[in-house]
Amino acid sequence: MSDELHEWAQSLDTLLAQVWKRLGRGVADRRAPGRHPTLATISPDGMPQARTVVLRSADPDAGVATIFTDRFADKVDDVRAHPHAALHIWDNLAHLQIRLLTHVAVKTGAELEPIWANLSDHARRCYGFSPASGEAIAEGLSYSKTPDISAFAVLELTIERMDILHLGYQHRRAEFSRHNDWAGQWTVP
Ligand SMILES: Cc1cc2nc3c(=O)[nH]c(=O)nc-3n(C[C@H](O)[C@H](O)[C@H](O)COP(=O)(O)O)c2cc1C
């Protein structure tokens, strides 16, 4: 690996632009590494929780990403109790580890109708489990799915801080914060 391979890693501005590019590719391309981040939350009893999700949007201007989920999934209880979550991506193609510290808002109900209307029948079947997600059942398939907008939730992740690690011949790490307008600061890897 040489730093020349990734010239964008050499300045804070181009590094940040590359992070947004990789996030955008994750939204658009189901085979991109950014497609499947790990979302880490804190459960109501204070325990760490991490799971794979699909990145649904990433808006560089607002600094906001979204994830779709079942309203009755444990992760929704987690962020209602502790409204911060971390999103983690290892983009092996770009040699980038992307760690996002976010503040989470849970969206439900009528405001999601435009998004729900655009989901395929197949996609809608991820929302509306009976019994609810995480409940104990007698057999592996002892559950049913009735797609229902009232079981659909969008997690809106407002990014507060990014910790970015680039693996090159020499590694580089940088932190970008909303509070200083994403100016960026190099840090020790
Ligand atoms: C490839 C993959 C993609 C997934 N995408 C999502 C997703 O976008 N939203 C979601 O709620 N769960 C998704 N899941 C399921 C979660 O990882 C998790 O098993 C489920 O949401 C229950 O998590 P919870 O009990 O912590 O809420 C995905 C799992 C895999 C393996």
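Residues numbered from 1 in each chain as written. Predicted model: local features only at pLDDT ≥ 70, side-chain atom pairs only at ≥ 80, totals over all residues. Heavy atoms only, no water.

### Quick look at the overall build of the protein chain
Logical step 1: Secondary structure summary: the protein chain contains four helices and 11 strands in total.
Logical step 2: For the protein chain, the C-alpha atoms occupy an extent of roughly 55 × 35 × 35 Å along the three principal directions.
Logical step 3: Taking all 189 residues of the protein chain together, the buried fraction comes to 39%.
Logical step 4: Looking at the protein chain alone, contacts between residues at least 24 apart form 61% of all its contacts between residues at least 6 apart.
Logical step 5: On the protein chain, the mean spot of the 20 positive side-chain charges and the mean spot of the 24 negative ones are 4 Å from each other. (Helix = DSSP H or I, 4+ residues; strand = E, 2+ residues; numbered from the N terminus. Buried < 20%, exposed > 50% of the residue type's maximum accessible area, 1.4 Å probe, protein only. Contact = heavy atoms within 4.5 Å. Lys, Arg positive; Asp, Glu negative; His and termini not counted. Charge placed at Lys NZ, Arg CZ, Asp CG, Glu CD.)

### Overview of the site of the ligand
Logical step 1: Surveying the vicinity of the ligand reveals the residues His36, Arg51, Thr52, Val53, Val54, Phe68, Thr69, Ala73, Asp74 and Lys75.
Logical step 2: In the model, an oxygen atom of the ligand is placed 2.9 Å from a nitrogen or oxygen of the Val54 main chain.
Logical step 3: Contact distances for the ligand include 3.2 Å between an oxygen atom and a backbone N or O atom of Asp74.
Logical step 4: Expressed as a share of its isolated accessible area of 620 Å², the protein-covered part of the ligand is 60%.
Logical step 5: For the shell around the ligand, the elements supplying multiple residues, two or more each, are strand E2 (48-52), strand E4 (64-70) and helix H2 (74-81).
Logical step 6: Residues belonging to the shell around the ligand are distributed by class as follows: four nonpolar, three polar and three charged. (Near = heavy atom within 4 Å. Polar contact = N/O pair within 3.5 Å; in protein donor to acceptor, adjacent residues only side chain to side chain. Areas by Shrake-Rupley, 256 points an atom, 1.4 Å probe, with all protein chains shown as cover. Nonpolar A, V, L, I, M, F, W, Y, C, P; charged D, E, K, R; others polar.)

### Quick look at unusual backbone geometry
Logical step 1: Residues Ser130 and Pro131 are joined by a peptide bond in cis, for which omega reads -10°.
Logical step 2: You can see Pro131 is positioned in the loop between strand E7 (129-130) and strand E8 (144-145).
Logical step 3: Of note in the backbone geometry, His95 takes a positive phi value of approximately 60° without being a glycine.
Logical step 4: Relative to the elements of secondary structure, His95 occurs in the loop between strand E5 (84-91) and strand E6 (96-107).
Logical step 5: The backbone of Trp182 sits at a positive phi, close to 65°, despite the residue not being glycine.
Logical step 6: You can see Trp182 is positioned in the loop between strand E10 (172-177) and strand E11 (185-187).
Logical step 7: By relative accessible area, which is 17% here, Trp182 ends up buried.

Bear in mind that shape data such as this cannot, by itself, settle questions of function.
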